[in-house]
Structure formats: structure tokens, C-alpha cells
Amino acid sequence: MTIWLWIGFIVFVLFMMALDLGVLNRKAHAIGIKEALGWTSFWVSLALLFNVGIYFIYENHWLGIGEGAGHVSDGKTAALYFFTAYIVEESLSLDNLFVFTLIFSYFQIPPMYQHRVLFWGILGVLILRGIMIAAGVVLIQRFDWIIYVFGAILLFTAFKMLIHQHDKINPEKNILYRLAKKLYPITPHLEGNHFFSTLNGRRAITPMFLVLILVESSDVLFAVDSIPAVFAVTSDPFIVFTSNVFAILGLRSLYFAIAAILNRFRYLKICLVILLAYVGVKMLLSHHYPIPAHISLMVIGGILGTGILASILVSKREAKQLEIPFSHEN
């Protein structure tokens, strides 16, 4: 019977995305900070409201949820797991925004067309992540030792993130990008917000389609670390999937809200490195010294809060120093 919960949630998500692109953003336009903040607030509020629903769904075992193997058995724990998983996923998704900025800048995509790229890119990512989450649940349920593999992946990703710089991109390294260029001719210029066009009488792709490929493939690569990180919180498939979906749905509006000031959060990257390392260690210790979810939530909140606060304080201090007029003795 739990299948109806899954169907209901997926139908709801598809409805919201159809409303987003088909009605609210039907006309291509540059999304301003005020509009982006409004949408970000909407998606966050919707996630928190759903978290309340998670409590009642699991507390009352609607449609049998919470009674089977691999599911959380009470509403309070389920709500705490969902909120923690949502925070982890939303935090790790911030690293995607750096890459999105570089991709749009590299291909010189106007702001008015960026929303369409992110919409279709994220729709594809939702499908792929659903498959990855299903595979992860099966692996964890069948092989206890796979949790150590996930932990090792997170530690490796943390190290790679620490030494890797998001200062440039090389599309030619992307196999899907190279494949698309071999299969189709490419129009020399954008064709509005279209992904496909014609060139010399042949079906062709536009630079917008190449950008879509890079956005979607890069997000899938980020999922390799974010999904194991959520499994460190819980292996309940419904909580893992729904928390991932809500974090991804809010990613587009979050991009437009903070993309312009993202570089001011100078300590964000080191925060994500520490967060990944903590979650990786948590997974490695899970069978012997399990860390309660509320402790993890406090640790994760402390890591992110410290990094954001430090970034703001340093930026303000530097701004004040720039305002000090130059003086010299006569």
C-alpha cells in the first residue's frame, strides 16, 4: 500500500514543476533577486510543511509506511531524519552553484534563458537520482559492508574538494558533451531558448543543449557524494528520496538568489569539506559507535553556521577597510 504514497508524492512534484514552467515562468525572463528569494522561501517552507506531514504519516503509519523493514517506525524520528537529510542535501548542493555559474559564463547564456536550462536539467536529475537511491537502498539492505564503501567515498570526495579549484571548466572532458557534438551539428549562435534547431536543412542542437548536458551530468556527479551522505542519516527510502527532491527543487531559485554573492562566502567550501568528512566518519563508525541523528544535526548546523558567520564578518571587515580614506602627513 505504500506505493500510493510514492505515486502521490511524484504526482505532486510533477504538478509543481509543470506549474513552475508552464504557468509561472512560461515567458522567458531574467529572474531578479527579489523573485528568487520569494521562490526560495516558498520551496523551503514547502519542505518544512512536508516535514510536518512526515511526522503524522509515520506516526500513524498511513498506508502502512513505517511498518516494513528498512523504514523508520515513529513520527518523531522520521521528521528528525527528514530535516537532517534535507539540510545535508541542500548544503552539499551549494557546491553545484559554483559549477552552474562557470557553465553559464563559459557559454555566455543570458540570465533570461538560465531558468529553462536548470528546469529541464533538474527534471532529468530527479529521475536519475531516483534510480541511484533505489540502487543504494538495495545495496545497503543486502550488504552491510557497503556502508563502509559509502563512507570511504565521502572521505575521498572531501579530500578531492579540498584540493580542487572551481575556477574553470573544460567541456571537452565530458563524454556526453563530446558525443553530442559528434552526433549533431551545432548552431553557431543561440536560437532563443530552444535546445534544437535546423542547420543547412539538418536537425541541429544549439549551445543551450550543450549547456543542459553539462548541467545535468555535473549534478549527477555531485549526487555520487550527496546521496551516500544522506544514507548516513537514514536508509529509509521514502525519506531519502523526498529530502533529495525538495533540496533539488529549491536549487534553481537558490542559484538566482545567491549566485551573484556566492564568492563572498569564502569559507563555504571548507565547511562542505568538513561536513563531508564528518558524515564519512559517521558512516564508518555506524556499526560500532552510531551517532544519534540529533547530535549530527547539531554538528552539521554548527559547521555551516560557523562558516557562514565567519564569511560575513570577514567580508564586513574588509568592506570597512576599503571605506577608510587614504591619509598622509603634509
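Residues numbered from 1 in each chain as written. Predicted model: local features only at pLDDT ≥ 70, side-chain atom pairs only at ≥ 80, totals over all residues. Heavy atoms only, no water.

1. Topic: the packing of aromatic side chains
Here comes step 1: Taken as a whole and judged by the stated rule, the model has 24 aromatic pairs.
Here comes step 2: Considering the side-chain rings of F119 and W120, the 5.1 Å spacing of their centres and the 85° angle between planes classify their relative orientation as edge-to-face.
Here comes step 3: Residue W120 is classed as partly exposed on the basis of its relative accessible area of 34%.
Here comes step 4: Following the ring pairs from residue to residue traces out a cluster consisting of W6, F9, F50, F82, Y86, F238, F241 and F246. (Phe/Tyr/Trp six-rings, centres within 6.5 Å; stacked < 30°, edge-to-face > 60°. Buried < 20%, exposed > 50% of the residue type's maximum accessible area, 1.4 Å probe, protein only.)

2. Some remarks on the pattern of salt bridges
Here comes step 1: Evaluation of the coordinates by the stated rule reveals two salt bridges.
Here comes step 2: A salt bridge links E89 to R129; the nearest nitrogen and oxygen atoms lie 2.5 Å apart. Remark: R129 occurs in helix α4 (residues 111-142) and E89 occurs in helix α3 (residues 75-107); sequence separation between them is 40 residues.
Here comes step 3: Of the charged contacts in the structure, one is a salt bridge between K181 and E172, with a shortest N-O distance of 2.8 Å. (Salt bridge = Lys/Arg side-chain N within 4 Å of Asp/Glu carboxyl O. Helix = DSSP H or I, 4+ residues; strand = E, 2+ residues; numbered from the N terminus.)

3. A few points about the side chain of S218
Here comes step 1: Relative to the helices and strands, S218 is located in helix α7 (residues 207-231).
Here comes step 2: At 2.9 Å, the side chain of S218 and the backbone oxygen of V215 are in polar contact.
Here comes step 3: With near-sequence residues (within four places) excluded, S218 lies in contact with V99, F100 and I103. (Polar contact = N/O pair within 3.5 Å; in protein donor to acceptor, adjacent residues only side chain to side chain. Contact = heavy atoms within 4.5 Å.)

4. With respect to α7
Here comes step 1: Over its 25 residues, α7 extends 36 Å from the first C-alpha to the last, a length consistent with the 36 Å expected when each residue adds 1.5 Å.
Here comes step 2: In terms of burial, α7 is largely enclosed, as 22 of its 25 residues are buried. (Expected span 1.5 Å × (residues − 1).)

5. Here's the deal with helix α9 (residues 251-258)
Here comes step 1: Judged by how many residues are buried, α9 sits mostly within the fold: eight of eight residues are covered.
Here comes step 2: Within the span of α9, buried status applies to L251, R252, S253, L254, Y255, F256, A257 and I258.

6. With respect to the nonpolar core
Here comes step 1: Counting residues in each nonpolar core, the largest one holds 94 residues, and the members touching the most others are Y58 and F231.
Here comes step 2: Per-element tally for this core: the top contributor is α7, with 14 residues. (Core = buried A, V, L, I, M, F, W, Y, C linked by side-chain atoms within 4.5 Å.)

7. Brief notes about the confidence of the model for the chain
Here comes step 1: Looking at the chain, pLDDT values average 85 and 93% of them are 70 or higher.
Here comes step 2: Residue range residues 326-330 is modelled with pLDDT below 50. Its contacts to residues more than four positions away, or to other chains, number zero contacts. (pLDDT = per-residue confidence, 0-100.)

8. Topic: the side chain of N174
Here comes step 1: By secondary structure assignment, the location of N174 is in the loop between α5 (146-163) and α6 (175-183).
Here comes step 2: Accessibility expressed as a relative area gives 16% for N174, which makes it buried.
Here comes step 3: Within the local environment of N174, its side chain forms a polar contact with the backbone nitrogen of L176, the two atoms lying 2.9 Å apart.

9. Thoughts on the packing of α3 against helix α8 (residues 237-249)
Here comes step 1: One way to put it is that α3 packs onto α8 with a least axis distance of 8 Å and a crossing angle of 40°. Judged on the interaxial angle alone, α8 and α3 are oblique. The handedness of the crossing between α3 and α8 comes out as right-handed. In contact with A78, Y81, F82, A85, Y86, E89 and E90 of α3, α8 contributes I239, T242, S243, N244, F246 and A247.
Here comes step 2: Considered class by class, the residues forming the contact of α3 with α8 number eight nonpolar, three polar and two charged. (Axes fitted to C-alpha atoms, helices over the stretch in contact; angles between N-to-C directions. Parallel < 35°, antiparallel > 145°, perpendicular 65-115°, else oblique. Left-handed = near helix turned anticlockwise from the far one by under 90°. Nonpolar A, V, L, I, M, F, W, Y, C, P; charged D, E, K, R; others polar.)

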